[in-house]
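# Structural overview
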Amino acid sequence: MSKILVIAEHLDGKLNGSTARAVSAAAAVNPESIDVLVLSDAPDAVAAEATRIDGVSKVLTIARSENAHPLAAVLAPQIAKVAAGYTHVFAPSTTFGKDVAPRVAALLGVSQVSDVMSVEGPHSFERPIYAGNAIVTVEVDASSIVVATIRTASWPAAAANGSATVEALSLDVTLPTHTRFIGLQQGKSDRPDLQGAPKVVSGGRGVGSKENFEIIYKFADKIGAAVGASRAAVDAGYVPNEMQVGQTGKIIAPELYIAIGISGAIQHLTGIKDAGTIVAINKDGEAPIFEIADIGLVGDLFKILPELEAALG
């Protein structure tokens, strides 16, 4: 039977929602057990959150001062050591997971499976290729440990009704010192987090300027949505790159996605294809975004948005 180890992603003492989505993917393998590994200098609070994820058998913690910051070079040797007793190691396909999983795979001497969007069997998985234009089935040698990143947009978050136990581990493993933490710079916002928000409003090059982007912020605040942007808007300097949605930005799956002034380049469509309902507003009726939109409004966004706001009251 399969035993799966899920690597917890967390920041500032709080568990990231991507972990519960990775647990959902693990459950699809129908394993004997699913354990979550928390690496931190003070893992107790994060571990307590992880115990409540449905399907989790046990939460393992490693408390070391070196784990105060999620450095892949430091975390990977510890994960590889713990992974010796498991058939699978899953991490979310976020910046964190994409950073640490390849190192773990290399230390274990196996190939990594990236962006798992469907589980066909214990060693068979589907993942997107060619910017999501094709889906390929990847078969892993049954005698090999599976190291995979989970495409979080393709999986629902596991419910939080569990009651797993916590076990503290003490590892005899030498950690590298060639990588050190300098600092973390991140944008602060009162708006919902882009990757976890149920509603997202994104603006594209059609918005016209950084100043005009205020209309996107205003509308998003009106409906309680996170704000994103197309690569074209980021490249034009309208917004910072952490707001980019798409293959080279954030891949998201909100319940509602509103694309405003976005033509729909393939890399952007890849990042939103799992959204529940897609609404597109663009003056070009032939824009590719309308091919995948559930609702399309053709017209001047600077006239349509005020009308929508007025209708919302």
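For the structure itself, consult the block above.
Description of the structure in this document. (Residues numbered from 1 in each chain as written. Predicted model: local features only at pLDDT ≥ 70, side-chain atom pairs only at ≥ 80, totals over all residues. Heavy atoms only, no water.)

### Things to note about the overall build of the protein chain
Rules: Secondary structure elements are defined from DSSP: runs of H or I of at least 4 residues count as helices, runs of E of at least 2 residues count as strands, and each element is numbered from the N terminus. With C-alpha atoms as the basis for the radius of gyration, the globule rule is written as 2.2 Å multiplied by the number of residues raised to the power 0.38. Each residue is placed in one exposure class: buried if its accessible area under a 1.4 Å probe, protein chains only, is under 20% of its type's maximum, exposed if it is over 50%, and partly exposed if it falls in between. Surface exposure here means Shrake-Rupley accessible area, sampled with a 1.4 Å probe, where a residue is shielded only by the protein chains that are shown.
The helix and strand inventory of the protein chain stands at nine helices and 17 strands. Here the protein chain has a C-alpha radius of gyration of 21 Å; the compact-globule value for 313 residues is 20 Å, and the two agree. A buried classification covers 49% of the 313 residues belonging to the protein chain. If you sum the accessible surface of the protein chain, you get close to 14700 Å²; carbon and sulfur atoms cover 49% of it.

### Comments concerning the pattern of salt bridges
Pairing of side chains with opposite charge becomes possible as their charged atoms draw close. So the rule is basically this: Any carboxyl oxygen of Asp or Glu within 4 Å of a side-chain nitrogen of Lys or Arg constitutes a salt bridge here.
A full pass over the atoms with the stated rule returns six salt bridges. The residue Glu 167 makes a salt bridge to Lys 58 at a minimum N-O spacing of 3.1 Å. Placement of the pair is Glu 167 in strand S12 (residues 165–168) and Lys 58 in strand S5 (residues 58–63), with a sequence separation of 109 residues. In this structure Glu 167 comes out as partly exposed when scored by relative accessible area, which is 32%. Residue class for Lys 58 comes out partly exposed when judged on its relative accessible area of 27%. Residues Glu 66 and Arg 64 are paired through a salt bridge, measuring 3.3 Å at the closest nitrogen-oxygen approach.

### A closer look at the nonpolar core
For clarity, the threshold we go by: For our purposes a nonpolar core is just a set of buried Ala, Val, Leu, Ile, Met, Phe, Trp, Tyr and Cys residues, chained together by side-chain atoms within 4.5 Å. Only heavy atoms matter for contacts: two residues are in contact if any of them lie within 4.5 Å across the pair.
Core analysis: the largest hydrophobic core is formed by 31 residues, its most contacted members being Val 6, Val 36, Val 59, Phe 90, Val 116 and Phe 125. Broken down by secondary-structure element, the contributors of at least two residues to this core are strand S1 (3–7), helix H1 (18–28), strand S4 (33–40), helix H2 (44–50), strand S7 (112–116) and strand S11 (146–150). Counting residues per element, this core draws most heavily on H1, which supplies five residues. In this view, Val 36 contacts Val 6, Ala 8, Thr 19, Val 23, Ala 50, Val 56, Lys 58, Val 59 and Leu 60; residues no more than four positions away in its chain are not counted. Residues Val 207, Ile 216, Val 227 and Met 243 belong to the second largest nonpolar core, which totals 24 residues.

### Comments concerning the sheet that holds strand S6 (residues 88–92)
Rules: By definition, two strands form a pair when at least two bridges between them are found by DSSP. All axes here are fitted lines through C-alpha atoms, helices being fitted over the stretch that makes contact, and every angle between N-to-C directions spans 0 to 180 degrees.
As summarised here, the arrangement of the seven strands in space is S7-S11-S6-S1-S4-S5-S12, forming an open sheet in which the pairing is parallel. Edge positions in the open sheet fall to S7 and S12, since each of these has one partner strand only. Each adjacent strand pair in this sheet contributes to an overall mean axis angle of 25°, direction not counted. In the sheet, S4 pairs with S5 via six bridges, with the strands oriented parallel. Each residue of the ladder has a partner; that of Leu 37, found in S5, is Leu 60. The sheet strands contacting helix H3 (residues 72–82) are S1, S4, S5 and S6, and the helix crosses S4 at an angle near 150°. Running at roughly 175° to S11, helix H4 (residues 95–108) makes contact with S1, S6, S7 and S11 of the sheet.

### Quick look at the environment of Leu 71
You can see Leu 71 is positioned in the loop between S5 and H3. Look at Leu 71 and you get buried, because its relative accessible area is 17%. C-alpha of Leu 71 to C-alpha of Asp 193: the two residues are 122 residues apart in sequence and 22 Å apart in space. Other than its neighbours up to four places away in sequence, Leu 71 contacts Thr 179, Arg 180 and Phe 181.

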